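# Summary of the model geometry
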Amino acid sequence: MWSHYANSYKGFCLEFDKEIIQSFCSDLFQANCELMPCIYRDSLICLDYLEFETGVKVPLRGIHPASKEFDQLMKELLFQKNEKVWGQEKEWRIVLSGRAIRNGAKNYEHESTGYKISLPEGAIKSIVLGPKMSDPDKKKIESINQEVYAGSIELKEIELDHDNWKLKLKNT
């Protein structure tokens, strides 16, 4: 994902604490917050019916948006990636229903660019710096970590392993 989402290795990645994020979102939105890994598939999803883990199949025609079937459908669709080729991303997503977001609206600020939510202490476990990040950018992140988080967030660096076409954590 570094080459796609982190400005060709010049950016950074945040590592979150799964339990803290899930608990925080559930409290914030007063609803069950599901943090789940994406499923990468070889084929497209059939949208004729919704099949539950119990094997029960529910036709999609006529599903009401306020029903548990609709919530299940949205969950299934939002955790899917159509091509297995993206499997190396190992992406996780948080999914909330529209009514949960409306319920929790009083707990966060809306800005023209999106929603501003202050995360609880410990939610960010580490900041992983890209192997091509400039020294001034590294210093800026180190400074923010000291000033805002009292240095409590672990800083890690990634290096390119050109022999194996992999990334690995740099020994610091």
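Here, the structure is the one placed above.
Presented here is a report on the structure given in the accompanying data block. Predicted, not measured: the structure shown is a model, and the values here were computed from it.

Criteria and thresholds
- Residues numbered from 1 in each chain as written.
- Predicted model: local features only at pLDDT ≥ 70, side-chain atom pairs only at ≥ 80, totals over all residues.
- Heavy atoms only, no water.
- Helix = DSSP H or I, 4+ residues; strand = E, 2+ residues; numbered from the N terminus.
- Buried < 20%, exposed > 50% of the residue type's maximum accessible area, 1.4 Å probe, protein only.
- Contact = heavy atoms within 4.5 Å.
- Areas by Shrake-Rupley, 256 points an atom, 1.4 Å probe, with all protein chains shown as cover.
- Salt bridge = Lys/Arg side-chain N within 4 Å of Asp/Glu carboxyl O.
- Core = buried A, V, L, I, M, F, W, Y, C linked by side-chain atoms within 4.5 Å.

With that settled, consider the overall build of the protein chain. Within the protein chain, the secondary structure is distributed over 5 helices and 12 strands. Counting the 172 residues in the protein chain, one finds 28% classified as buried. Across the protein chain, contacts joining residues at least 24 apart in sequence account for 65% of those joining residues at least 6 apart. Accessible surface for the protein chain amounts to roughly 12,300 Å². Of this, 51% is attributable to carbon and sulfur atoms.

Attention shifts here to the pattern of salt bridges. For the structure shown, the criterion picks out 4 salt bridges. For K156, the salt bridge is made with E15, and the minimal N-O distance between the two is 3.2 Å. Highlighted residues: K156 in strand β11 (residues 154–161) and E15 in strand β1 (residues 12–16), separated in sequence by 141 residues. Between K138 and E157 there is a salt bridge; the shortest N-O distance is 3.0 Å.

As for its position among the elements, I158 is in strand β11. Judged by its relative accessible area of 11%, I158 is buried. In the structure, I158 is positioned 12 residues away from K170 in sequence and 5.4 Å away in space, judged by C-alpha atoms.

In terms of nonpolar packing, the biggest core is built from 7 residues, these being I21, F24, C25, L28, F29, C33 and A123. Listed in part, the 6 residues of the second largest apolar core include I124, I127, M133 and I141.

Before going further, it helps to examine unusual backbone geometry. For S8, which is not glycine, the phi torsion reads 55° and is therefore positive. Overall, the relative accessible area of 37% leaves S8 in the partly exposed class. Backbone geometry at Y9 places phi at a positive 75°, although glycine is not the residue there. With respect to the element layout, Y9 can be found in the loop between α1 (2–5) and β1. Accessibility expressed as a relative area gives 21% for Y9, which makes it partly exposed.

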